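So you can see what is in the structure, the chains are spelled out below.
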Amino acid sequence: MTARGRCGSGDVALAVPGAGGEPPDSPGPGGAGTAAGADSPALDARPGRAGEPTALEALRVPEELSARVPAEQRGAGRDDVRLLVSRGRSVAHRAFRELPEQLRGGDVLVVNTSMTLPAAVNGRVGGERVVVHFSTRGADGRWAVELRAPAGAGVTGPRAGGPAGAVVRLPGGRALVLEEPLGPAAGARLWWARVPEAVPELLRRYGRPIRYGYTDRDQPLAAYRTVFAVDSPDGSGSAEMPSAARPFTVPLVAELVRRGVLFAPLSLHTGVASAESHEPPYPERFAVPAATAWLVNAVRAAGSGRVIAVGTTAVRALESAVGADGVVRPAEGWTDLVVTPRRGVRVVDGLLTGLHEPQASHLLMLEAVAGREALRHGYEAALQERYLWHEFGDVHLILPNEERNAPNCSSNEW
């Protein structure tokens, strides 16, 4: 099977059984390289091209276009958001409740089932108050954490990382110890830390959702969980919500199923994003089950529908399980894949996602799916029509431009 209308060669090596590619050499905790099926991530191996401009670098999003509260507190419900639909340079403005009319029977929506954790916990380093963001659980029992400085009104600001050996006192008489930075020590944001046992229990008792400064107030954890989220047996989950799926409701899912739209679950547990520097993502734990691999392959082989990822996390996980031959294989472990225009996508035909800041590295992935000019055209329309940004905001459906008989690979090259 070959990928339909896809182009680009991988610029990030990833070992997936049967998918080709070799794992990188850099060891993670426990000595394993970053690879599907590896026990631990090489979180100091930073793939991608951090610092390269995105297609939208020159755009500026006014502060008033940040969604400050969830949609159900602004309107009639979670699905009361707007839907920007892009097909090439063609743009249409819809309500999210009209999503079933934009899809067709046989299409596959690939959804991330990761549960959002209450990953922010108050702590102290000596006499300094800090907020600990629990990002990623390593296979050796350590956690990657970020220490933030309280900035008032329930939000935080950046703080210098470390130092090694620092003891962070946590609620309930617990403590964690910072051991080593993820990446170069100078300016490292995330650190590996020895943590108390039963971190999921600690988070349940004392944690709260990670919140950023553009929101008005704290929200209950339920506001950060999607209709697709399921508990992991080991308590793992996402530090930040896989937010593209947030507007889905049970009635909307039922309507999509009634119309013949298929759902393919996978998981990717997101780490803590960089709120200030928009760096590429670190390796993250993912799993693509055999049933999802089979369904996606069957639909593509039959030509009966399109594969549409719900969120950039779903793209990252699914594209980590597909080989150069376009075949998706069951896979789990850690992925360091960064989808860029040069790498392209091999299996994803479309994408439902939120609206991202112009400097965000996610936009490299969106450009790989949509093409540079189509992405720029869509974002200019979103600004003109005053769509709302961020996890509680409006959403963007990128569909293939089916008027074209062949992909324009040159549009996806740097």
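### Points about empty space enclosed by the protein
A probe as big as a water molecule, rolled over the atoms, marks out the empty space that is left. Considering all chains together, one arrives at four cavities of 30 Å³ or more under this definition. What the largest cavity holds in volume is close to 90 Å³. As for the largest cavity, its lining consists of S135, T136, R137, W143, S236, G237, H269, T270, G271 and R285. For the lining of the largest cavity, the element with the most residues is strand β5 (residues 128-137), which contributes three residues. Split into classes, the residues belonging to the lining of the largest cavity amount to one nonpolar, seven polar and two charged. Here the second largest cavity is characterised by a volume of approximately 80 Å³. Partitioned by chemical class, the residues of the lining of the second largest cavity number six nonpolar, four polar and four charged.

### As for the pattern of salt bridges
As a working rule, side chains carrying opposite charge can pair if their charged atoms are close by. In this structure the tally under the stated criterion is 25 salt bridges. Its salt-bridge partner being E72, residue R246 comes within 2.6 Å of it at the nearest N-O pair. Remark: E72 occurs in helix α1 (residues 71-74) and R246 occurs in the loop between α3 (199-206) and α4 (250-258); sequence separation between them is 174 residues. A residue is classified by how much of its surface remains accessible, and E72, at 30% relative accessible area, is partly exposed. Between E128 and R159 there is a salt bridge, with the nearest N and O atoms lying 2.9 Å from each other. Remark: R159 occurs in the loop between β7 (156-157) and β8 (167-169) and E128 occurs in strand β5; sequence separation between them is 31 residues. Overall, the relative accessible area of 31% leaves E128 in the partly exposed class. Each member of the salt-bridge network shares a partner with another, and the members are D140, R142, E179, E180 and R194.

### Side note on the packing of helix α7 (residues 362-370) against helix α8 (residues 372-384)
Put simply, α7 and α8 touch, their axes get as near as 7 Å, and they point 115 degrees apart. Of the possible angle classes, the one that applies to α7 and α8 is roughly perpendicular. α8 is crossed by α7, and the crossing has right-handed handedness. Between α7, through L363, L366, E367 and A370, and α8, the contact on the second element is made entirely by R372, A374, L375 and Y379. Of the residues contributing to the contact of α7 with α8, the split by class is six nonpolar, no polar and two charged.

### Topic: the pairing of strand β1 (residues 82-87)
Pairing of β1 with strand β2 (residues 90-95), which is carried by six bridges, proceeds in the antiparallel orientation. Note on β2: the bridge partner recorded for R82 is A95. Once β1 ends, the chain turns through two residues before running back antiparallel as β2, passing G88 with a positive phi of about 60 degrees. Here β1 pairs with strand β16 (residues 395-399) via five bridges, running parallel. Directly across from L84, in β16, lies its bridge partner H396.

The rules behind each value
- Residues numbered from 1 in each chain as written.
- Predicted model: local features only at pLDDT ≥ 70, side-chain atom pairs only at ≥ 80, totals over all residues.
- Heavy atoms only, no water.
- 1 Å grid on protein atoms, 1.4 Å probe; cavity = no way out; pocket = protein on both sides within 12 Å on 5 of 7 lines; lining within 4 Å.
- Points joined across faces, edges and corners; volume = space filled by probe spheres on them.
- Helix = DSSP H or I, 4+ residues; strand = E, 2+ residues; numbered from the N terminus.
- Nonpolar A, V, L, I, M, F, W, Y, C, P; charged D, E, K, R; others polar.
- Salt bridge = Lys/Arg side-chain N within 4 Å of Asp/Glu carboxyl O.
- Buried < 20%, exposed > 50% of the residue type's maximum accessible area, 1.4 Å probe, protein only.
- Axes fitted to C-alpha atoms, helices over the stretch in contact; angles between N-to-C directions.
- Parallel < 35°, antiparallel > 145°, perpendicular 65-115°, else oblique.
- Left-handed = near helix turned anticlockwise from the far one by under 90°.
- Contact = heavy atoms within 4.5 Å.
- Pairing = 2+ DSSP bridges.

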